[in-house]
Structure formats: structure tokens, C-alpha cells
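# Commentary on secondary and tertiary structure
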Amino acid sequence: MALPDCLQPKLFTLVLVTDGRRVLLGKKKRGFGEGYFNGFGGKVEAGETIRDAASRELLEEAGIAADSLTHRGTLTFLFDDRPQPWEVHVFHSDSYTGMPTESEEMAPQWFDYDSIPYQQMWADDVFWYPLLLKGSACFRGTFHFVNTHTLVKRDLSEVPCLDGVDYKLC
Ligand SMILES: Nc1[nH]c(=O)nc2c1ncn2[C@H]1C[C@H](O)[C@@H](COP(=O)(O)OP(=O)(O)OP(=O)(O)O)O1
């Protein structure tokens, strides 16, 4: 697919909740990434901040409210078979209220840090999850996919944490 001169990315959120030794993932039951384990998130809607969108999706998909969400990463996904790049804002929460509950979209499950099912996850996850789980560093990455799922090129680095995710989409 030929790329146009400039591209407007589509904005998404992704929230990883941890309890100190485990991470809460959900098995995606429908839609994009069905069958993969992933964090909780989705499209940012008009009129909400990226952070608000992350909180909303965590509640909708896992039934829990994050006590605080720390912005940790910005990932850009480029596809040969989709017209728009995806810009995914990754948040971390180590404390939440409520009980993780299955929703129409996700079935939540805890995994020890050393048992994360990378074989059943997006191919980029094995590269950046360790950065998120090991401490407080922030990161930025670009991942190129062919046929939606095959990772062919990647670029990932730690960057200063700049929490500029509180503007609203119009
Ligand atoms: N390569 C990738 N690696 C990853 O870890 N997460 C990815 C990913 N590509 C997309 N995601 C995440 C971002 C977002 O949380 C989710 C995709 O969002 P969805 O399509 O589920 O959006 P919505 O929940 O808004 O959708 P609907 O409610 O079905 O309209 O998958």
C-alpha cells in the first residue's frame, strides 16, 4: 500500500495493572487482537483526555478503577494493510479499586512477571513490557507490521517521562 504524504494517527490507550509480582492481562474476546492477551484499553473518543479514556476502558473492560495512572510509553504501530498508524498511550497502575471482572470484550487473568504469555500476545509486547515492569522508565517505540500481525521492524528507546496526555480530542 502506497503511503500518503502525511498521516494522522488514530489514538488508543493501553493500561497495565500490577500488584508487585503479577500483571493483570485480559484475553481479548472480540475485535482487533481477538485471542491475544493484552492490557486494557481502546480508542480515545472526542471530548475526553487520553488519561480519561484509559480510565474508562479499564472500568469497561476489567471492571476496576485505577487509583492513579502513570503514563509510561507511547507506541506507534504502522501497518502495510491499514491506512492509519496507531498511536497507543501506555499507562501503569499499581493500585486499583474493585474486583477484576470479565466483560464482553476481555477475560482478566493475573500472570507472574516470569510467566507472561508472550507467545499469545502482540509481537511487540516482549520488547517493551520489561521496560514497564522493571521500574519507572518511560519509553517510545515504533513497530512496523505486515499482514497486521507480523512484526518486521522495530525501534524502541527509553525517553524522559513527559506526562502530556491531558489534552482533549475535538
Ligand atoms: N501491537 C499492539 N500491542 C499491544 O500490546 N497492544 C496493542 C497493539 N495494537 C493495539 N493494541 C491495543 C490498543 C488498544 O488497547 C487495543 C485496541 O483497541 P480496541 O480495538 O479494542 O478499541 P475499543 O475497545 O475502543 O474497540 P471497540 O469497543 O471494539 O470499538 O489494542
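Residues numbered from 1 in each chain as written. Predicted model: local features only at pLDDT ≥ 70, side-chain atom pairs only at ≥ 80, totals over all residues. Heavy atoms only, no water.

Going by the annotation in an unreviewed UniProt entry, the name recorded for the protein chain is Oxidized purine nucleoside triphosphate hydrolase, with Elliptochloris bilobata given as the source organism. Its UniProt record gives the protein chain the following Subcellular location (unreviewed entry) comment, quoted word for word: "Nucleus". Under the Sequence similarities (unreviewed entry) heading, UniProt states for the protein chain: "Belongs to the Nudix hydrolase family." (UniProt positions renumbered as here; feature names shortened; annotations may be inferred.)

What follows deals with the layout of surface pockets. The calculated volume of the largest pocket comes to roughly 560 Å³. Surrounding the largest pocket, 31 residues form its lining, Phe12, Lys28, Phe32, Gly41 and Trp86 being those nearest its centre. Considering only residue class, the lining of the largest pocket consists of 12 nonpolar, seven polar and 12 charged. Its boundaries defined by the atoms lining it, the second largest pocket holds a volume of some 190 Å³. Along its surface, the second largest pocket is lined by 15 residues, and His71, Thr74, Arg140, Pro160 and Leu162 are the ones closest to its centre. (1 Å grid on protein atoms, 1.4 Å probe; cavity = no way out; pocket = protein on both sides within 12 Å on 5 of 7 lines; lining within 4 Å. Points joined across faces, edges and corners; volume = space filled by probe spheres on them. Nonpolar A, V, L, I, M, F, W, Y, C, P; charged D, E, K, R; others polar.)

Taking burial as the measure, the nine residues of strand S1 (residues 10-18) include eight buried ones, the bulk of the element. The hairpin formed by S1 and strand S2 (residues 22-28) contains three residues between the paired strands, and Gly20 there has a positive phi angle of roughly 105°. (Buried < 20%, exposed > 50% of the residue type's maximum accessible area, 1.4 Å probe, protein only. Helix = DSSP H or I, 4+ residues; strand = E, 2+ residues; numbered from the N terminus. Pairing = 2+ DSSP bridges.)

It is worth spelling out helix H1 (residues 50-62) at this point. Look at H1: 18 Å from first C-alpha to last across 13 residues, which is about the 18 Å you get at 1.5 Å a residue. Check the buried side of H1 and you find it contacts S1, strand S4 (65-66), strand S6 (86-93) and strand S8 (106-112). Just beyond H1, the residue with positive phi is Gly63, at close to 75°. (Expected span 1.5 Å × (residues − 1). Contact = heavy atoms within 4.5 Å.)

The subject of this paragraph is unusual backbone geometry. Negative phi values dominate among residues other than glycine, just as trans dominates among peptide bonds. Here Asn147, not a glycine, exhibits a phi torsion of approximately 50°, which is positive. Looking at the secondary structure, you find Asn147 in the loop between strand S9 (138-146) and strand S10 (150-159). Positive phi, normally seen in glycine, also occurs at Thr148, with a value near 65°. Position of Thr148 among the secondary structure elements: in the loop between S9 and S10. In this structure Thr148 comes out as buried when scored by relative accessible area, which is 10%.

Once that is clear, we can look at the site of the ligand. Taken together, 20 residues lie near the ligand, and Thr13, Lys28, Glu105, Asp124 and Asp125 sit nearest. A distance of 2.9 Å separates an oxygen atom of the ligand from a polar side-chain atom of Glu105. For the ligand, an oxygen atom lies 2.6 Å from a polar atom in the side chain of Asp125. Relative to its unbound accessible area of 660 Å², the ligand is 84% covered by the protein chains. Judged by the fraction of its atoms near the pocket grid, the ligand is located in the largest pocket. (Near = heavy atom within 4 Å. Polar contact = N/O pair within 3.5 Å; in protein donor to acceptor, adjacent residues only side chain to side chain. Areas by Shrake-Rupley, 256 points an atom, 1.4 Å probe, with all protein chains shown as cover. Sits in = over half its atoms within 2 Å of the grid points.)

Now for the state of the cysteines. The final tally for this structure, using the stated rule, is one disulfide. Across the disulfide from Cys138 sits Cys161; the S-S distance is 2.0 Å. Judged by the sign of its S-S torsion, about 105°, the cystine formed by Cys138 and Cys161 is right-handed. Here the residue Cys138 occupies a position in strand S9, and Cys161 occupies one in the segment after S10, the gap between them amounting to 23 residues. With relative accessibility at 4%, the residue Cys138 sits in the buried group. (Disulfide = S-S within 2.5 Å.)

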